[in-house]
Amino acid sequence: MIEIIVPGPYATVQDLGRPGYAHLGVPRSGAADLESLKLANRLVGNPEGLAGVELTLGSARLRFLRGAWAALAGAPVPVSGPARGAGMGVPFWVPAGAELRLGLPARGLRTYLAVRGGIAVEPVLGSRSTDSLSGLGPEPLRAGARLPVGPAAGVIAADVAPLPEPGPAVLRLLPGPRDDWFVPEALEELCASPYAVTQDSNRVGVRLRGPELVRAKDGELPSEGMVTGAVQVPPSGQPIVFLADHPPTGGYPVIGVVRAADLGVAAQLRPGDEVRFSTRLRA
Amino acid sequence: MIRLAGEHGLLVETGSLELSHRMDAALRRERPDRVEEIVPGPDTVLVVAPGGDRERLRARLERLLARERDRSLAAEPAAAAPVVTIPVVYDGADLEPVAELAGCGVDEVIARHAGRELVVGWLGFAPGFAYLTGLDPVLRVPRLDTPRTSVPAGSVAVAGPYSAVYPTASPGGWRLLGRTELRVWDVAADPPSLFRPGTRVRFEPA
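Owing to the predicted nature of the structure, the values given are computational and were not obtained by experimental measurement.

Caption draft 1: The interface of chain A and chain B, seen in detail. Counting residues at the interface gives 31 residues for chain A, matched by 34 residues for chain B. In total, about 2,500 Å² of surface goes out of reach between chain A and chain B, with carbon and sulfur atoms giving 63% of it. Of all residues in chain A, A:His23, A:Leu24 and A:Pro177 give up the largest surface area on contact with chain B, accounting jointly for 25% of the area buried on that side. The interface formed by chain A and chain B includes four salt bridges. Its salt-bridge partner being B:Glu36, residue A:Arg28 comes within 2.7 Å of it at the nearest N-O pair. Viewed at the interface, chain B and chain A are joined by eleven residue pairs in polar contact (both at pLDDT 80 or more). Secondary-structure elements contributing two or more residues to the side of chain A that touches chain B are strand 11 (170-175), strand 14 (224-225) and strand 18 (254-258) of chain A. Counted by class, the side of chain A that touches chain B contains 18 nonpolar, eight polar and five charged residues.

Caption draft 2: Region of interest: the environment of B:Thr199. Residue and element names in this part refer to chain B. Turning to its location among the elements, Thr199 is positioned in the loop between strand 12 (175-179) and strand 13 (200-205). In this structure Thr199 comes out as buried when scored by relative accessible area, which is 0%. Taking the C-alpha atoms as reference, Thr199 lies 8.2 Å from Gly121; in sequence the two are 78 residues apart. Not counting residues up to four positions away in its chain, the partners in contact with Thr199 are Ala81, Pro82, Val84, Leu118, Val119, Val120 and Leu194.

Caption draft 3: Here's a closer look at the sheet that holds strand 8 (residues 99-102) of chain A. All names here are of chain A. Within the open sheet, the five strands sit side by side as 6-8-4-1-10. Their pairing is antiparallel. At either margin of the open sheet sits one strand with a lone partner, and together these are strand 6 (79-80) and strand 10 (146-147). In this sheet, strand 10 lies alongside strand 1 (residues 2-6) in antiparallel orientation, the contact comprising two bridges. Looking across to strand 10, one finds that Glu3 is bridged to Arg146.

Caption draft 4: Here's a closer look at the packing of helix 3 (residues 95-102) of chain B against helix 4 (residues 106-114) of chain B. Residues and elements named next belong to chain B. Their axes nearest at 8 Å, the elements helix 3 and helix 4 cross at an angle of 90 degrees. One way to sum up the angle between helix 3 and helix 4 is to call them roughly perpendicular. On helix 4, the residues touching Leu95, Glu96, Val98 and Ala99 of helix 3 are Val106, Val109 and Ile110. The residue inventory of the contact of helix 3 with helix 4, partitioned by class, reads six nonpolar, no polar and one charged.

Rules used throughout
- Residues numbered from 1 in each chain as written.
- Chains lettered and ligands numbered in written order.
- Predicted model: local features only at pLDDT ≥ 70, side-chain atom pairs only at ≥ 80, totals over all residues.
- Heavy atoms only, no water.
- Contact = heavy atoms within 4.5 Å.
- Buried area = accessible area lost by both parts, 1.4 Å probe.
- Salt bridge = Lys/Arg side-chain N within 4 Å of Asp/Glu carboxyl O.
- Polar contact = N/O pair within 3.5 Å; in protein donor to acceptor, adjacent residues only side chain to side chain.
- Helix = DSSP H or I, 4+ residues; strand = E, 2+ residues; numbered from the N terminus.
- Nonpolar A, V, L, I, M, F, W, Y, C, P; charged D, E, K, R; others polar.
- Buried < 20%, exposed > 50% of the residue type's maximum accessible area, 1.4 Å probe, protein only.
- Pairing = 2+ DSSP bridges.
- Axes fitted to C-alpha atoms, helices over the stretch in contact; angles between N-to-C directions.
- Parallel < 35°, antiparallel > 145°, perpendicular 65-115°, else oblique.

Okay, here's the thing in structure tokens:
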């Protein structure tokens, strides 16, 4: 059992989400930065899909009521507390009763804490993820919440994993499916200069401010299925990159879709960051 | 036409809700390899297949689309979709305003709402929230100017060309005609939703 003493600005339980229900109006949800959750799980010998804690801007304190192996990946946070050798990208032992203190990340937005055995809250539709859009899954974590830990299985095979070096924030995208709803220069415009990440970004999407993308077609697009990474453009002309909790259908045209490999980059953008788009395959 | 929706998605343009439903049914019956999501909309079906061979899938979808379009043109009936009957207590807060907007009496609103079969077009807005198509044109009324902050689960409502049953309590701007005890959404059930695209629905005064 893990007790949340301070959850930080926003913390949730996340696994790989609940695919297969989009036609019933259920977002996929799951970790916004899937690769970081998977890495944290691998470090403690878990299957990649077990649930962990997704912290937003760190700043959390968690008490381990029983000793457990833990690991952190994603946005690098300073770690303190009586856990020996604790840090990013390494498995470390947290003794029973110890408090793990995580600071503010120097860069990036979301940090993933995996615990050997996984967070074992009750699954909903096959997933333990909190879906911030529709409210499925466990409540966002509050002070005093207690998280059960599942039984450990498998072996801890890794002792350290290099954290990816931060590169320039570039999101590579595939044009479409509705790039023809914009003037022919719009894609070029989108890629020409950086966009700023705004305060109202969340797990639904990264809202951006920058050059306005101009529509060629007026009128409304009938509601259609949306994929994660879709760059949706509302009438303001300011793009939104859809993350894990995006609505399964939407009515604004999608000018392009961010490549799956860059979704983690999108998930780590924080308000005030600048990001560029590229239609080239290599950033 | 089939459009790219990222590396793993293909957006099939069907041009009609009826063909979207036929494609949806065919894809669920003959699910191609690695297909994870099939999301029908009024004019499209989104197919998401992570890690699959996109060009092969595209060719398959093109064949399926041509086949289902031919069947549709030949007026071959689609596979029978389930019918759900929904008992409604018609005592909604907006029943009288709707009657006024429709230019008829409350009894006629009820008779027109319960008097025909609707079809689930697609789901969205919230889990289990189904856009029911085929509403009597007389009942087409605009949404409220100011949405309610909370609409109780089971509320039966209309807005524009659609009717809906609120699956869970949520904010909402549709006009409330009544309520049903029937649970249309239950995460403990399999499937969790009483509705899926294509489901036929009949309201019935309780």
